[in-house]
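# Fold and geometry: a report
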Amino acid sequence: MGFFDKLKKGLAKTRESLTGKIEKLVLGYADIDDDLLDELEETLIMADVGVKTTEKLMQAVRQGIKQKKINSPDDLKPFLEQTIRDMLVSGTDEVRLAAQGPTVMLVIGVNGVGKTTTIGKLSAYYRGQGKKVMLAAADTFRAAAIDQLEIWGQRTGAEVIRHEEGSDPAAVAYDAVLAAKARGVDILFVDTAGRLQTKSNLMEELKKINRVIQREIPEAPHETLLVLDATTGQNAISQADLFSQAAPISGVVLTKLDGTAKGGVVIGIKAELSMPVKWIGVGEAVDDLRPFVAADFAKALFEK
Amino acid sequence: MIFEGLADRLQATFKKLRGHGRLTEDDVNEAMREVRMALLEADVNFKVVKDFVKRVQERAIGQDILATLTPAQVVIKIVNEELTALMGGSQSRLNISSVPPTVIMMVGLQGAGKTTTAGKLGLALKKQGKHPLLVAADIYRPAAVKQLQVIGGQLDIPVYAMKPGTDAVTIAKTAVPYATAHAADVVIIDTAGRLHINEELMQELKSIKAEVKPQEILLVVDAMTGQDAVNVAESFNGDLGLDGVVLTKLDGDARGGAALSVKAVTGCPIKFVGMGEKLEALEPFYPDRMASRILGMGDVLSLIEKAQDVYDVEEAKKMEKKFRKDEFTLDDFLSQLQQVRKMGSFEQILGMLPGMGNLKKQLDGVDVDFNGKEIKHVEAIIRSMTSAERADITLINGSRRKRIALGSGTRVQDVNKVIKQFADMKKMMKQMQKMRGGRKGFGSFKMPFMH
Ligand SMILES: Nc1nc2c(ncn2[C@@H]2O[C@H](COP(=O)(O)OP(=O)(O)OP(=O)(O)O)[C@@H](O)[C@H]2O)c(=O)[nH]1
Ligand SMILES: [Mg+2]
């Protein structure tokens, strides 16, 4: 063995021990990483991501560590963020508009999630684009729900089609569709009464509203938006599941993200039921509506 | 739904351990993993779960396993007891002032159900002979005042509102002397929903509190609330000092872990639960039932009570005997259907029973979820049968089916369907019968940990 070789070998040893040390250091961190992993897991659970989805995500992280995609603790969060972002991004989150005639958007969800307010905000949004908007007061059940929508109509310059309180919501939807067609409306929003997804008679009512709209405009509703409250925990999955059985959902609106709730349950909804989130609500004012940006959402999950 | 009951899961975890004399640390640790999962899936707050599991773990290790209980049963029993205790042992009532009026303030996040609950509470108090006044202090949400006015109108309870532009504090402040002047002895103030981090609006509540000095500040919490429930409860409690909690929307399928979280961070008792949109649907809170529900063990007790509400006891006993002796006829079927409708959908009822998950799956193909119209159909069909046919469906052959269809104005396939549903129901009743313990009556549904 020549001198240089010897040296090289000697150095190799040093190098080995050096890199070894570094690796150990990382491993040492990886030990701390157990804590760090726990902490991440906790963050996800606290964001309402849910046990199952959190487990899936943590598995991805462990895989990432094995495959050396995660080499230091610093890589952990960005990796998770990216994973969540990828899960949430989907090709179908464009809003579907009618090629001709009115676009009908049906807005559904459990009680108090923010359906009517969201319609108010969306109405303002499309009015801002110069569209002619109409609102159908098909929540004929809750006290003063019609007046509430009427106020949003006045605020945003949209005509409101209304019947008596207690009347058939499908009839309101029907009248509204006819009126929208007759009056050259661009977008018709149908507000519905809040209902728990387990009430089969109310789900039947929703199906009927859907059918009536479809009968008048075969490709309508062009959008069926499920409104979810970000404060909601794992029940949101049941909501998404059961509502979609009554009316095929094209997108989710996640409201009340201006609070401290993170709305992480939509990750599970996306993973299990593949529903894109299209809008987020960030306040009660007319302009407190934003398009959903997966990257921002993923990032916010880890913010304290 | 996605979740199978904790009882079943623990049973599986412990299968291999049957016959141990004493719970070892390993046994308990394994079981606690399942308990932890169950609680988290029920939306109990992470930190609350952590503390809880630790406490139960300590208590469970070293426990004797009695001859009559499996290890899983021992663990569930302990978990259930601890959970019930944590949620507040016994029921607690409203603070009623000795000098009227009693002032109650409803507070909470947007959409939690404050306005409806204010109405429900008004009705409940009215039924107790009180004279409530509802106060419309939500000046922000469009038509919120109108909503309370409509509810007040439905209940025939006066509503105090002021002209638009009046601030909430003034409304609340002037409502109290108004109540005194008009012989109202309870003032229920409906406030606007607000985020716990909105300082300005939280200040508004503090000012109202300072002015009206309420006996009760009730936090209204949606049963579907997730992990954030602790932050919300902590803030409201810190700013206002809560006296109680109302848990709403419990008529759905939410497991309601928020109840535990809120109780754990505020120490406030949960005083009522909202069980529906109707204004009568306000019930006292039962910690033991909530515990079973959070654990996914079925809301057995609630079901029993509901059943007792709807059924008269004699009738129920008679039916049970009929099931047992297999003497259940189409006539009984019809009256059962009508009863069951009053309790909720069939599916919901099954959901409330422990160990019914599988049965529910089996029944998925079977259309047992009758709506009102269908019941009318069923009724017409059964009424078109002769009494001999009703007593023994095997008599009903093809030509009889045609006759029955004609008589009831339905189609033969409708008749077939009813007969099939009846047969299915009988089958189901038999299965339920098997799951029952030796004791009689509705109280005898066997809990999974009583195997
Ligand atoms: N902070 C906040 N509040 C919101 C948001 N969206 C809606 N809200 C509030 O939530 C409450 C309920 O909103 P609604 O629009 O009436 O909800 P809904 O789903 O139509 O309710 P029902 O028709 O009663 O089922 C109102 O006080 C709204 O102002 C949001 O993004 N952030
Ligand atoms: Mg509404």
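Since this is a predicted model, take the numbers as computed values, not measurements.

Thresholds, definitions, all that
- Residues numbered from 1 in each chain as written.
- Chains lettered and ligands numbered in written order.
- Predicted model: local features only at pLDDT ≥ 70, side-chain atom pairs only at ≥ 80, totals over all residues.
- Heavy atoms only, no water.
- Buried < 20%, exposed > 50% of the residue type's maximum accessible area, 1.4 Å probe, protein only.
- Helix = DSSP H or I, 4+ residues; strand = E, 2+ residues; numbered from the N terminus.
- Pairing = 2+ DSSP bridges.
- Patch = residues over 30% accessible without salt bridge, like charges linked within 9 Å, V, L, I, M, F, W, Y side chains within 5 Å.
- Areas by Shrake-Rupley, 256 points an atom, 1.4 Å probe, with all protein chains shown as cover.
- Salt bridge = Lys/Arg side-chain N within 4 Å of Asp/Glu carboxyl O.
- Lys, Arg positive; Asp, Glu negative; His and termini not counted.
- Charge placed at Lys NZ, Arg CZ, Asp CG, Glu CD.
- Contact = heavy atoms within 4.5 Å.
- Buried area = accessible area lost by both parts, 1.4 Å probe.
- Near = heavy atom within 4 Å.
- Polar contact = N/O pair within 3.5 Å; in protein donor to acceptor, adjacent residues only side chain to side chain.
- Nonpolar A, V, L, I, M, F, W, Y, C, P; charged D, E, K, R; others polar.
- Core = buried A, V, L, I, M, F, W, Y, C linked by side-chain atoms within 4.5 Å.

## Topic: the pairing of strand β1 (residues 102–108) of chain B
Residues and elements named next belong to chain B. When you tally the buried positions in β1, you get 7 out of 7 residues, the bulk of the element. When β1 meets strand β4 (residues 186–191), the two strands line up parallel, connected through 5 bridges. Bridge pairing links V103 to V187 in β4. The pairing of β1 with strand β5 (residues 216–222) spans 5 bridges and is parallel. Opposite G108, over in β5, you have V220 as the bridge partner.

## Section: a negative patch on the surface
Together, D34, D35, D38 and E39 of chain A give the surface a local cluster of negative charge. Looking at where D34 of chain A falls in the secondary structure, it is placed in helix α1 (residues 3–46).

## Let's talk about the interface of chain B and chain A
Taken together, the contact pairs 40 residues of chain B with 45 residues of chain A. The junction of chain B with chain A conceals about 3600 Å² of combined surface from both sides, 58% of it contributed by carbon and sulfur atoms. Together, P142, M224 and E277 of chain B form the three largest contributors to the area buried by chain B at its contact with chain A, with a combined 17%. Counting the contacts that link chain B with chain A gives 4 salt bridges.

## Structural notes on the site of ligand 1
Taken together, 23 residues are adjacent to ligand 1, and K115, T116, T117, R142 and E284 of chain A come closest. Positioned at a junction of chains, ligand 1 has nearby residues supplied by chains A and B. Between ligand 1 and T116 of chain A, the relevant distance is 2.7 Å, taken from an oxygen atom to a side-chain nitrogen or oxygen of the residue. Residue D258 of chain A places a side-chain N or O atom 2.8 Å away from a nitrogen atom belonging to ligand 1. When ligand 1 is considered free in solution it has 660 Å² of accessible area, and contact with the protein chains removes 95% of it. It is helix α4 (residues 115–128) of chain A that provides the largest number of residues to the shell around ligand 1, a total of 4 residues. Grouping the amino acids of the shell around ligand 1 by side-chain chemistry returns 3 nonpolar, 12 polar and 8 charged.

## A look at the nonpolar core
Residues I84, L188, F189, V190, I213 and L254 of chain A are the most contacted members of the largest nonpolar core, which totals 89 residues. For I213 of chain A, the residues in contact, after removing those within four places along its chain, are V104, L106, A173, V177, V190, A220 and P221 of chain A.

## Considerations on the environment of G62 of chain B
Residue and element names in this part refer to chain B. The residue G62 is located in the loop between α3 (46–60) and α4 (71–86) in this model. Among the residues examined, G62 registers a relative accessible area of 35% and is labelled partly exposed. Considered as a pair, G62 and G129 are 67 residues apart in the sequence and their alpha carbons are 53 Å apart. For G62, the residues in contact, after removing those within four places along its chain, are R22 and L23.

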